Amino acid sequence: MSQMFHLIRHAQASFGSADYDNLSDLGHRQSAALGAALKRQGVTPDVVFIGAQKRHRQTWEGIESALQTGLTPIVVPGWNEFDFGGLLEARYASRNDKPAGLHDDRKTHFRILRDTVIEWQRGEIDNPPESFAAFTDRVREARAIVAASGAKTPLAVSSGGAIGRTIADVLDAPAEQMILLQLQVKNCAVARMVMAKGHTWLNGFNETPHIDGSNQDEMLTYS
């Protein structure tokens, strides 16, 4: 039996605040709107997985408010984001050129995050919060848990880095593609994958069925 796996990035979190791991007011609206769009598409998950981070659960709760599946999500920490704040700090721990706005200016943050992730992948950052190999292993294990569930329409809520790593893996792309994919993933975007006989094929990437020309100015966000 083949599985149609829906992998969803969390809704807008609270970038630049003391608690990033919390949906913004817009994030709550995005997740409910996505749930309504999935319902219109006829998407009916039979099992739901979420990372262990608050924004993952909150996003599922918004989706579920429209889908009304009655499912209790299964927490799989492998779907958690890597510690991007800690990784950035590790990169600059022995340097004196730490830029202003590293954690609260979007343009600065994401420009430097791209280069930092590539250094992390190459093993060029001392004492990162998590090695890139360990991150890769846990994301792969999270996908294996989804496949092993045997569900026809599994759904998972995760974060941009784990999604980027998953898509790069499915496409057998170089590791450097992870961050390039990650930076494209919109809040509440859906990736669809067909899973069968131990293989996974990409069916759709970065889909936003809840966004159209009438609401994109409000609903289209990336962090």
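Because the structure is a prediction, the values reported are computed rather than measured. (Residues numbered from 1 in each chain as written. Predicted model: local features only at pLDDT ≥ 70, side-chain atom pairs only at ≥ 80, totals over all residues. Heavy atoms only, no water.)

Peer 1: Would you mind going over helix H6 (residues 160–170) with me for this structure?
Peer 2: Residue pairs spaced three or four apart in an α-helix point in one direction, given the helix's 3.6 residues per turn. The buried fraction of H6 is high, at 11 of 11 residues. Here the buried face of H6 lies against strand E1 (3–9), helix H5 (132–148), strand E4 (154–158), helix H7 (177–182), strand E5 (190–196) and strand E6 (199–207). (Buried < 20%, exposed > 50% of the residue type's maximum accessible area, 1.4 Å probe, protein only. Helix = DSSP H or I, 4+ residues; strand = E, 2+ residues; numbered from the N terminus. Contact = heavy atoms within 4.5 Å.)

Peer 1: Before we go on, may I ask you to explain the packing of aromatic side chains in this structure?
Peer 2: Describing an aromatic ring pair means giving the distance of the ring centres and the angle of the ring planes. Taken as a whole and judged by the stated rule, the model has eight aromatic pairs. Here the aromatic rings of Phe 5 and Trp 79 are separated by 6.0 Å at their centres, their planes lie at 45°, and the arrangement is tilted. One end of the pair, Phe 5, is in strand E1; the other, Trp 79, is in the loop between strand E3 (74–75) and helix H3 (84–92), with 74 residues separating them in the sequence. Classification of Phe 5 as buried rests on a relative accessible area of 0%. Owing to a relative accessible area of 0%, Trp 79 belongs among the buried residues under this scheme. Aromatic pair Phe 15 and Phe 110: ring centres 5.8 Å apart, planes at 25°, arrangement stacked. Highlighted residues: Phe 15 in the loop between E1 and helix H1 (25–41) and Phe 110 in helix H4 (residues 106–121), separated in sequence by 95 residues. Taking the relative accessible area as the measure of exposure, Phe 15 reaches 14% and is therefore buried. (Phe/Tyr/Trp six-rings, centres within 6.5 Å; stacked < 30°, edge-to-face > 60°.)

Peer 1: Got a minute to help me understand the side chain of Ser 223 in this structure?
Peer 2: Locating Ser 223 in the fold gives a position in the segment after helix H8 (216–219). At 2.8 Å, the side chain of Ser 223 forms a polar contact with the side chain of Arg 106. Once residues within four sequence positions are removed from consideration, Ser 223 is found in contact with Arg 9, Gln 12, Ala 13, Phe 15, Tyr 20, Arg 106, Phe 110 and Asn 187. (Polar contact = N/O pair within 3.5 Å; in protein donor to acceptor, adjacent residues only side chain to side chain.)

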